[in-house]
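# Remarks on the overall topology
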Amino acid sequence: MANHGKKQRRGLKEMCRKTIVSLKRKPQTIPMLVLVLGFLYYSLNLTHVSDTTAKLQLSGMGLSGFCTMLFSMLSLVCFLNAYPHRKKTNIPMLVLMFLMLGILIYCDIYYMGCIDAALTRETNPIVVTDSTKYISQTYDMLGVHCIIIIVGALLTALVPVLRKLFRRIDTSLPVEEMGNMDAILLSEEA
C-alpha cells in the first residue's frame, strides 16, 4: 500500500513536470485557454442573449450579439495564426486579434448599456420577474465575459514575461531518476 502511494505521488510529480515543460515551450497556451473559456462561456449562455434580444428589441442588440460570436471565433483563429509552430510570432495577426478583442469588449458593454436603458427608461420600463430573469442573467454573464476577455488579452500581452518566468523553473530530472530511465531503456531493448 505504501509503495502504491509513492508511485502515485511520483506519477503526479512527473505529470506536473511535463505540464511545466509544455508551458515552457508554449507559454501562449495559458491565454489561449482563457480565450477559449470566454468563447465557451458566451456560447453556452447564448440562449439568454437571444431571449433578451427578442424581449427588449433595442437597436443594435442583435448585431452586437452576432459580432460577439463572430469575433470570438475569429480572434481564436488569429491567435492560433499569431503563434505558429516553431516560428516567430506573427505580429500582424496578433494586432488583428487585439483589435477583435477590443470589439468584443465594446459589444459586451454596448449590450449591457442596452439592457440598462430598457430597465431604467421612463416610459414602459422592462421589469425583471421570474419569467424574465434571463435579462439579469444576461447582464451578469456579459460582465463576466468582458472580464474573461480582458484577462485573456492581458495574458496574451504578457506572453514574453510568462516565457521568462517559466524558463526560471527547473524541470530537469534528478540524476538518480535518469539512472532508472537507463535501466528501463536497457530492459526494453533486451
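Criteria and cut-off values
Residues numbered from 1 in each chain as written. Predicted model: local features only at pLDDT ≥ 70, side-chain atom pairs only at ≥ 80, totals over all residues. Heavy atoms only, no water. 1 Å grid on protein atoms, 1.4 Å probe; cavity = no way out; pocket = protein on both sides within 12 Å on 5 of 7 lines; lining within 4 Å. Points joined across faces, edges and corners; volume = space filled by probe spheres on them. Helix = DSSP H or I, 4+ residues; strand = E, 2+ residues; numbered from the N terminus. Nonpolar A, V, L, I, M, F, W, Y, C, P; charged D, E, K, R; others polar. Core = buried A, V, L, I, M, F, W, Y, C linked by side-chain atoms within 4.5 Å. Buried < 20%, exposed > 50% of the residue type's maximum accessible area, 1.4 Å probe, protein only. Contact = heavy atoms within 4.5 Å.

Time to look at empty space enclosed by the protein. Where empty space is left can be seen by rolling a probe of water-molecule size over the atoms. Applying the stated rule across the entire model yields 1 cavity of 30 Å³ or more. The space that makes up the largest cavity amounts to roughly 30 Å³. What lines the largest cavity is simply Leu35, Phe39, Ser72, Ser75, Leu76, Leu104 and Ile149. Elements that contribute at least two residues to the lining of the largest cavity include exactly α2 (29-44) and α4 (61-82). The dominant element in the lining of the largest cavity, judged by the number of residues it contributes, is α4, at 3 residues. In the lining of the largest cavity, the residues fall into 5 nonpolar, 2 polar and no charged.

Below, the discussion takes up the nonpolar core. Proteins that are soluble and globular tend to have nonpolar side chains buried together. In terms of nonpolar packing, the biggest core is built from 35 residues, with Leu35, Leu56, Met97, Leu101, Ile115 and Leu142 touching the most fellow members. Of all the elements, helix α5 (residues 91-120) adds the most residues to this core, at 12 residues. Residues contacting Met97, with those up to four places away along its chain left out, are Leu35, Ser75, Cys78, Phe79 and Thr156. One finds Leu23, Val34, Leu162 and Phe166 within the second-largest nonpolar core, a separate group that totals 6 residues.

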